[in-house]
Amino acid sequence: MSTQNRFNWQKAIQLGGIAGLIGVLIALVGMVESFDHRDIVAGAISMGWTMLLLTVLVAAYFSASHQPSKSFSLVASGITGFIFSLVMSLLAFLIENLDLRQILVNASPNLLKILTLENGIPNGLISLIVISTIFGILGGALYILPAKIRKAISLGLGMVAFLGLMEDIIQVTIASTGSGNSAIGWMFGRGTQSGLSIIGAIVVFGVVIGGNLLWGTNAPKINAQVSKMPPNRQRSLRILGYGLILLVVLYLPVVLGLYLTEVVNVTGLFILMGLGLNIVVGFAGLLDLGYVAFYAIGAYTVGVLTSLSGQLSTAFEWNFWWALPVSIFICVMAGVVLGIPVLNMRGDYLAIVTLGFGEIIRILALSDFLKPHIGGSQGIVNIPPPDFLGVLLNKPQTLYYLIVAGCILALFVSQRLRDSRLGRSWKAMREDEDVAQAMGINLVATKLLAFATGAAFSGLSGTILAVKLGTIYPHSFALLISINVLSLIIVGGMGSIPGVFIGGLLLAGMPELLREFAEYRLLIYGALLVVMMQVRPEGFWPEETHKREFHEDAPDVTPVQEAA
Amino acid sequence: MQSLKRFSWTDIFMWIVGATLLLLIVIGSTLTLQQGKYTTVQWFDLAVFGLAQGSVYALIALGYTLVYGILRMINFAHSEIFMSGAYLGYFVATSMQRNGFLQENPLLGIVLIFLTAMTTSAILAVILERIAYRPLRGAPRLVPLITAIGASFFLQYTFRGLFGTQNRAYPEIDYIRGAIPLFGDFQIQKIQLVVIIAAAVMMASLAFFVQYTKTGKAMRAVSEDKNVAALMGIDVDKIIVRTFVLGASLAGAAGVLYCFMFRIVTFYMGFIPGLKAFTAAVLGGIGNPPGAMLGGLFLGIFESLGPTLFLDGLGIPAPYQLKDVIAFTMLVMILIFRPTGILGERLSKTKA
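Residues numbered from 1 in each chain as written. Chains lettered and ligands numbered in written order. Predicted model: local features only at pLDDT ≥ 70, side-chain atom pairs only at ≥ 80, totals over all residues. Heavy atoms only, no water.

1. Comments concerning the overall build of chain A
Operational definition: A run of H or I in DSSP becomes a helix once it reaches four residues, and a run of E becomes a strand once it reaches two; helices and strands are each numbered from the N terminus. As defined in this context, the radius of gyration uses C-alpha atoms, and a globule is described by 2.2 Å times the residue total to the power 0.38. For the exposure calls, accessible area comes from a 1.4 Å probe over protein chains only, and a residue counts as buried if that area is under 20% of its type's maximum, exposed if over 50%, partly exposed in between. Residues are treated as being in contact if the distance between any of their heavy atoms lies within 4.5 Å. Computed with a 1.4 Å probe, the accessible areas rest on the Shrake-Rupley method; for each residue, only the protein chains presented here act as cover.
Along its length, chain A carries 24 helices and four strands. Here chain A has a C-alpha radius of gyration of 26 Å; the compact-globule value for 564 residues is 24 Å, and the two agree. Along the longest, intermediate and shortest principal axes, the C-alpha atoms of chain A span 70 × 55 × 50 Å. Counting only residues that meet the buried cut, chain A has 51% of its 564 residues in that class. For chain A, the share of sequence-separated contacts (at least 6 apart) that also reach a separation of at least 24 residues comes to 75%. Of the roughly 25600 Å² that chain A leaves accessible, carbon and sulfur atoms contribute 68%.

2. With respect to the confidence of the model for chain A
Do not read the predicted coordinates in detail wherever pLDDT is low. All names here are of chain A. What counts here: The quantity known as pLDDT measures the predictor's confidence residue by residue, on a range of 0 to 100.
Summarising the model, chain A shows a mean pLDDT of 81, and 92% of its residues fall at 70 or more. Per-element confidence in chain A is highest for helix H19 (residues 443-469), whose mean pLDDT is 89, and lowest for helix H9 (residues 181-185), whose mean pLDDT is 59. Within the model, the stretch residues 555-564 combines pLDDT values under 50 with 15 contacts to residues more than four positions away or in other chains.

3. Brief notes about the side chain of Thr279(B)
Residues and elements named next belong to chain B. Let me state the cut-off plainly: In protein, a polar contact requires one atom able to donate a hydrogen and another able to accept it; more generally it is a pair of N or O atoms within 3.5 Å, and residues adjacent in sequence count only if both atoms are side-chain atoms.
Mapping Thr-279 onto the fold places it in helix H12 (residues 271-284). For Thr-279, a relative accessible area of 0% gives the class buried. At 2.9 Å, the side chain of Thr-279 forms a polar contact with the backbone oxygen of Leu-275. Not counting the four nearest positions on each side in its chain, Thr-279 is found in contact with Leu-299, Ala-327 and Leu-331.

4. With respect to empty space enclosed by the protein
Empty space among the atoms can be located by rolling a probe the size of a water molecule over them. All names here are of chain B. This is how it is decided: Any residue with an atom within 4 Å of a point lines the site, the site being either a cavity, points on a 1 Å grid over the protein atoms alone where a 1.4 Å probe fits but cannot get out, or a pocket, an open set with protein on both sides within 12 Å along at least 5 of 7 lines. Grid points are joined across faces, edges and corners, and a volume is the space filled by probe spheres set on the points. Gly is put with the polar residues, along with every residue not named as nonpolar or charged; the nonpolar set is Ala, Val, Leu, Ile, Met, Phe, Trp, Tyr, Cys and Pro, and the charged set is Asp, Glu, Lys and Arg.
Enumeration according to the criterion identifies six cavities of 30 Å³ or more in this entry. Computed from the structure, the largest cavity encloses a volume of approximately 80 Å³. Elements with a minimum of two residues in the lining of the largest cavity: helix H4 (78-98) and H12. When the residues that make up the lining of the largest cavity are grouped by side-chain class, the tally is six nonpolar, three polar and one charged.

5. Comments concerning the layout of surface pockets
In this structure, the second largest pocket spans a volume of roughly 1500 Å³. In terms of lining, the second largest pocket is formed by 46 residues, of which the most central are Ile360(A), Leu364(A), Leu21(B), Val325(B) and Thr329(B). Of the residues forming the lining of the second largest pocket, the biggest block, ten residues, is contributed by helix H2 (residues 9-35) of chain B.

6. What to know about the domain arrangement of chain A
All names here are of chain A. The line we're drawing: Source of the domain bounds: an automatic or database domain assignment. As used here, buried area is the combined drop in accessible area, with a 1.4 Å probe, of two parts when they are placed together. Salt-bridge detection follows one rule: a side-chain nitrogen of Lys or Arg within 4 Å of a carboxyl oxygen of Asp or Glu.
For chain A, the domain assignment lists domain 1 (1-144), domain 2 (148-228) and domain 3 (240-550). Its C-alpha centre places domain 2 at a distance of 33 Å from the equivalent point of domain 3. The partner domain 3 presents seven residues to the seven residues of domain 2 that form the contact. When domain 2 packs against domain 3, close to 570 Å² is buried across both sides, 79% of that on carbon and sulfur atoms. Looking at the side of domain 2 facing domain 3, the largest losses of area belong to Met-166, Ile-169 and Thr-173, adding up to 61% of the total buried there. Taken together, the links from domain 2 to domain 3 amount to zero salt bridges. For the side of domain 2 that touches domain 3, the elements supplying multiple residues, two or more each, are helix H7 (147-165) and helix H8 (167-177).

7. Here's the deal with the environment of Pro231(A)
Counting through the fold element by element, Pro231(A) comes out in helix H11 (residues 231-283). Counting along the chain gives 128 residues from Pro231(A) to Ile103(A), while the straight-line C-alpha distance between them is 67 Å.

8. Concerning the nonpolar core
The condition is simple: Think of a nonpolar core as a cluster: buried Ala, Val, Leu, Ile, Met, Phe, Trp, Tyr and Cys residues, connected wherever their side-chain atoms sit within 4.5 Å.
In terms of nonpolar packing, the biggest core is built from 258 residues, with Leu257(B) and Phe260(B) touching the most fellow members. Among the elements that line this core, the one with the most residues is helix H3 (residues 40-71) of chain B, at 17 residues. Setting aside residues no more than four positions away along its own chain, Phe260(B) makes contact with Ile110(B), Phe114(B), Tyr170(B), Ile173(B), Ile176(B) and Ile191(B). Core analysis: the second largest hydrophobic core is formed by seven residues, Val336(A), Ile340(A), Leu448(A) and Ala452(A) among them.

9. Observations regarding the interface of chain A and chain B
Counting residues at the interface gives 55 residues for chain A and 59 residues for chain B. Buried area between chain A and chain B, both sides added, is near 5100 Å², and the carbon and sulfur share of it is 77%. Our count for the contact surface shared by chain A and chain B stands at two residue pairs in polar contact (both at pLDDT 80 or more). Contributing elements (two or more residues each) for the side of chain A that touches chain B: helix H1 (9-28), helix H14 (347-366), H19, helix H20 (479-492), helix H23 (521-535) and helix H24 (544-550) of chain A. Per element, the largest residue contribution to the side of chain A that touches chain B is 13 residues, and it comes from H14(A). When its residues are assigned to classes, the side of chain A that touches chain B shows 38 nonpolar, ten polar and seven charged.

The following block contains the structure:
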């Protein structure tokens with residue numbers, strides 16, 4: 001057909017317009033400005049600009065994919081970039097000439113400066129247009145390249161961005177260990193500059209591309225060699241791998257220092273909750289939005305039982321290790337009690353009712369009604385740190401081991417449960433309750449066990465949180481925690497245990513490291529959930545059965561043993 | 001099968017919980033009334049306030065119910081659509097207040113605020129449907145729900161980013177301030193009267209629209225059976241968009257009314273009313289518009305009178321803090337003991 005060989009103007013312009021609107025939105029919610037302080041490549045490109053250019057790149061890539069031939073693709077992507085820059089220029093023009101700040105708080109002169117590269121309206125806009133068009137064409141070029149090279153390049157760019165973002169943390173860590181400062185100091189910006197130096201960026205990019213291409217050609221051979229080995233050799237190789245990981249995990253806080261260990265601890269608590277919610281949502285398919293309730297119950301139980309403040313009506317002043325099992329037991333009971341009312345509810349109703357439960361717990365904790373017992377809005381203070389064989393676990397570095405122990409326990413339990421009879425019942429129930437019941441699965445017991453196990457993990461996490469902070473407030477247990485945890489298991493892949501770790505590192509760890517990011521955390525999570533559900537509903541590290549469910553039309557993949 | 005299960009221990013547990021709550025309500029109310037701390041005028045004020053609040057809930061609940069009736073999904077982001085209308089309405093209201101337009105032509109001004117809010121909400125709902133929900137027709141059941149949750153937070157924090165974090169005070173409109181004296185000591189706040197009347201008018205027009213217009217009939221047909229409706233020549237996608245527009249404009253109007261009453265605008269203002277409105281929709285029977293109206297009004301009054309009536313007599317300090325607890329507990333109890341709601345015919349169990 002003749003129409004198929006024609007240049008697709010409509011798509012090119014449409015995508016440019018959409019990209020432009022996204023760019024305007026990114027700029028107006030304030031992300032460009034607040035991310036601008038962080039350079040990825042020192043003196044050359046900031047995080048704020050990276051977000052805009054990434055938008056162009058992606059839009060141009062899709063624009064190129066709608067064209068019939070390669071040369072058309074390049075032109076189309078250039079046009080997309082150009083249209084994008086026109087929309088952005090319009091924004092800059094409006095900021096210059098109208099007082100938008102009355103309504104849109106982020107339409108500031110500073111934003112204008114960033115958009116025009118500090119060159120003022122006519123000159124700066126020309127550079128904006130040129131840069132966007134070039135990046136558009138680059139996006140198109142990326143589409144034309146063979147898949148293997150494209151993957152390597154994206155990985156290289158991603159690595160540069162990652163190292164650039166993490167620059168200050170890497171620098172601090174290196175400085176604290178004392179050695180190697182001069183060895184890799186050239187990679188980073190000097191003095192107050194942040195991000196990689198230009199040479200550093202080029203080297204990282206080159207090394208990653210080279211490594212990726214080498215791995216791409218050699219990986220099949222290595223894998224083949226490993227699978228040719230006798231089973232006991234394979235087994236010992238795997239044990240060696242686990243041993244290495246364990247060694248690194250145990251040694252980590254010594255290397256990381258105070259601040260980073262704290263970040264790891266927060267991530268660990270989220271992973272612990274994620275493992276629990278993964279059982280409820282991922283295995284059993286019960287969408288629980290009130291998951292924070294158990295986190296709160298765990299924290300409050302330990303708070304009430306161990307607090308030394310003397311402000312509560314009853315002073316137990318127990319030892320942490322006595323309070324811990326009691327707290328988990330109470331969480332399990334709470335899981336059952338809150339589970340019974342929702343036994344007959346499915347999907348949407350379950351979500352809303354559990355959300356209501358979460359709110360009920362928070363409001364009760366906040367109310368004057370229970371104030372004499374659990375402290376009301378002032379919370380519970382003076383919760384003593386636990387004492388382990390004479391070592392007081394009051395520093396992030398020592399608490400780290402408590403959290404790691406919790407995570408390993410939860411990991412072990414959920415992995416064993418997944419492969420057990422109960423785990424299979426959960427999955428059967430997730431796929432179809434009626435069929436599961438017809439197969440002889442006791443729905444009541446199975447569901448309650450899912451709620452109870454999930455509650456236990458969450459309670460453990462809350463318990464550790466209480467002794468970690470030493471004080472707990474009702475405000476620490478808002479709905480947002482549930483949403484955070486839900487996001488992390490969805491991004492990682494529902495029902496996938498390694499996915500929880502991936503999601504935890506991405507969604508709980510990263511925002512702790514990038515302080516500017518924290519403000520936009522839920523904005524980005526929300527967008528991520530919407531995009532993930534359309535593009536990759538099975539998550540980044542999907543569970544095999546889920547993957548098949550979401551891609552029913554795809555040919556059946558041979559079941560691969562899930563790495564853990 | 002069902003009859004064998006009827007007396008399982010979980011059911012017995014729930015019956016005990018239900019009976020205890022009912023007993024507490026009865027004892028609490030009796031004690032409160034015996035103590036006689038509150039006068040009839042105070043009860044009347046509370047009831048009228050509850051009615052006004054309930055009208056707002058009812059308007060929002062209609063959006064949930066309409067969308068649920070057609071798509072069988074809870075549009076979690078509906079509360080943010082409500083918020084968006086309130087926000088844009090606020091900007092129009094403040095600018096008109098500043099240049100004096102609102103004082104000179106109060107009626108026209110108020111109509112303008114409503115138009116802005118309703119249009120904003122409707123546009124946002126159309127965008128939302130197009131980008132987030134439409135590609136997911138026929139996806140596994142958790143997928144649209146998670147999308148809706150994500151969209152809800154995305155919208156909430158986008159508004160926070162665009163318009164700032166501060167609580168903004170809604171301008172006072174002199175035209176609807178003050179109270180109208182009724183008989184004796186009884187009086188009624190003008191604002192509450194406006195809210196009740198406006199909501200009643202809108203609900204009546206919606207009922208007319210759904211019952212008698214061509215689009216309304218098509219909507220009912222689609223909610224009955226999408227495939228058959230499509231065979232009858234109804235453009236299902238178009239009807240879905242119109243349903244979203246209808247629900248969203250009601251939510252936008254509810255946003256304005258809510259602001260008239262509580263005079264504060266924030267980016268998170270949608271969450272709690274949204275949850276309450278959902279409760280109202282379930283209470284009335286989800287998928288059933290008259291049920292949503294009834295459920296909204298009932299919930300509003302229940303929530304306004306409830307804390308004082310039930311809890312005060314039991315000696316619980318600051319019972320008003322617990323009003324949300326009462327509302328959510330009621331939601332759970334309804335879903336357990338009467339999942340079809342007051343008027344509903346759809347079972348949460350089979351269709352959710």
